[in-house]
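# Breakdown of the fold
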Amino acid sequence: MALPEFTMRQLLEAGVHYGHQTARWNPRMGEYIYGDRNGIHILDLTQTVPMLDAALKVVRDTVAKGGRILFVGTKRQAQKSISDSAEKCAQYYMNHRWLGGTLTNWKTIQNSIARLKALDEILAGGAEGLTKKERLNMEREQGKLQASLGGIREMGGTPDLLFVIDVGKEALAITEAKKLGIPVVGVVDTNCSPKDVDYVIPGNDDASRAIALYCDLVSRAALDGMTAQMGAAGVDLGALDEAPVEEAVAEA
């Protein structure tokens, strides 16, 4: 595998260049704006292309060194792309609601994950000896914990890199990452500030097609990193050619 390729045409077709209304712009994004059309800012894709490519390289290199990537996107139109793309490359995600302290208070989060696993075990075993009401309460608690923590239940520690859709909405996640020195790759629209984002991807963070494109590219970059990691570990990649990369990674 190689770092995923993309074209300017793909970005245009996905609407990556469309920003917000000119009245809602953040001056810090001025250098990435090409102009405006009908009151909407247009992003300069000649800058987005190399910056997206640089972000994908960081994702690949992080995974190649055995690092963990946390995909973050809790807005409605990002939720499915975030979970699907993270699962596809065996990484982690938060797509429901960012829980304060997810990174800075990881020990408490671990306790909640342990509770989720305990509930899974009890309910999978038939919840013998429990009343109907007790079982119902457990199922509700399990549902809430699964929605909030299901994507990080196997993460085992804080991540090495954050990939964020909508840095304005996920400001708390970025603040926590900053405190711990965890680098952030972020899609930054014209109404947000790129200030605390280490690897800026200037682009539309609202259009479903644009979000799906970013997530797919990051997922494929992570898979490329896994291939490199397996090769460095002496896994015979030739013997795994018939299997999809996801299966190969699981077998390895």
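Residues numbered from 1 in each chain as written. Predicted model: local features only at pLDDT ≥ 70, side-chain atom pairs only at ≥ 80, totals over all residues. Heavy atoms only, no water.

Here we take up the sheet that holds strand S2 (residues 33-37). The sheet built from 3 strands is open, its strands ordered S1-S3-S2 with antiparallel pairing. Each edge of the open sheet carries a strand with a single partner, namely strand S1 (18-21) and S2. Going across the sheet, the axis of each strand differs from the next one's by a mean of 30°, ignoring polarity. For S1 and strand S3 (residues 40-43), the ladder comprises 2 bridges, and the chain directions are antiparallel. Residue Gln 21 lies in a different strand from S3, and its bridge partner there is Ile 40. (Pairing = 2+ DSSP bridges. Helix = DSSP H or I, 4+ residues; strand = E, 2+ residues; numbered from the N terminus. Axes fitted to C-alpha atoms, helices over the stretch in contact; angles between N-to-C directions.)

Overall, the coordinates contain 17 salt bridges when judged by the stated rule. One salt bridge connects Arg 60 with Asp 224, and the closest N-O pair in it is separated by 3.8 Å. With a gap of 164 residues between them, Arg 60 in helix H2 (residues 45-64) and Asp 224 in helix H7 (residues 208-232) connect regions that are remote in the sequence. What makes Asp 224 buried here is its relative accessible area of 7%. (Salt bridge = Lys/Arg side-chain N within 4 Å of Asp/Glu carboxyl O. Buried < 20%, exposed > 50% of the residue type's maximum accessible area, 1.4 Å probe, protein only.)

For helix H6 (residues 171-180), the set of buried residues is Ala 173, Ile 174, Glu 176 and Ala 177. Buried residues of H6, seen end-on, are gathered within an arc of 160° and therefore sit on one face of the element. Buried residues along H6 sit against strand S4 (69-72), strand S6 (161-165) and strand S7 (184-188). Two residues or fewer past H6, Gly 181 is found with a positive phi of approximately 75°. (Arc of directions from axis to C-beta. Contact = heavy atoms within 4.5 Å.)

The strand order across the open sheet built from 5 strands is S5-S4-S6-S7-S8, with neighbouring strands paired in parallel fashion. Single-partner strands in this sheet number two, and they are strand S5 (92-94) and strand S8 (199-202). Within the sheet, the average angular offset between the axes of one strand and its neighbour, ignoring direction, is 20°. Across the sheet, H6 touches S4, S6 and S7, and the angle it forms with S6 is around 160°.

Attention now goes to the packing of aromatic side chains. For the structure shown, the criterion picks out 1 aromatic pair. When the centroid spacing of 5.4 Å and the interplanar angle of 85° are considered together, the rings of Phe 71 and Phe 163 count as edge-to-face. Placement of Phe 71 in strand S4 and of Phe 163 in strand S6 is noted, with a sequence separation of 92 residues between them. For Phe 71, a relative accessible area of 0% translates into the label buried. Here Phe 163 falls in the buried class, since its relative accessible area comes to 0%. (Phe/Tyr/Trp six-rings, centres within 6.5 Å; stacked < 30°, edge-to-face > 60°.)

Residues at a pLDDT of 70 or more form 92% of the protein chain, whose mean pLDDT is 92. Counted against residues more than four places away or in other chains, residues 242-252, with its pLDDT under 50, gives 11 contacts. (pLDDT = per-residue confidence, 0-100.)

To continue, consider the environment of Leu 172. Topologically, Leu 172 is positioned in helix H6. Not counting residues up to four positions away in its chain, the partners in contact with Leu 172 are Trp 98 and Gly 100.

Turning our eyes to something else, we now look at the state of the cysteines. Per the counting criterion, the structure on display carries 0 disulfides. Unpaired in terms of disulfides, Cys 89 finds its nearest cysteine sulfur in Cys 215, a separation of 9.8 Å. Residue Cys 89 is classed as buried on the basis of its relative accessible area of 0%. With no disulfide of its own, Cys 192 lies closest to Cys 215 among cysteine sulfurs, the gap being 16 Å. By relative accessible area, Cys 192 is classed as buried at 6%. (Disulfide = S-S within 2.5 Å.)

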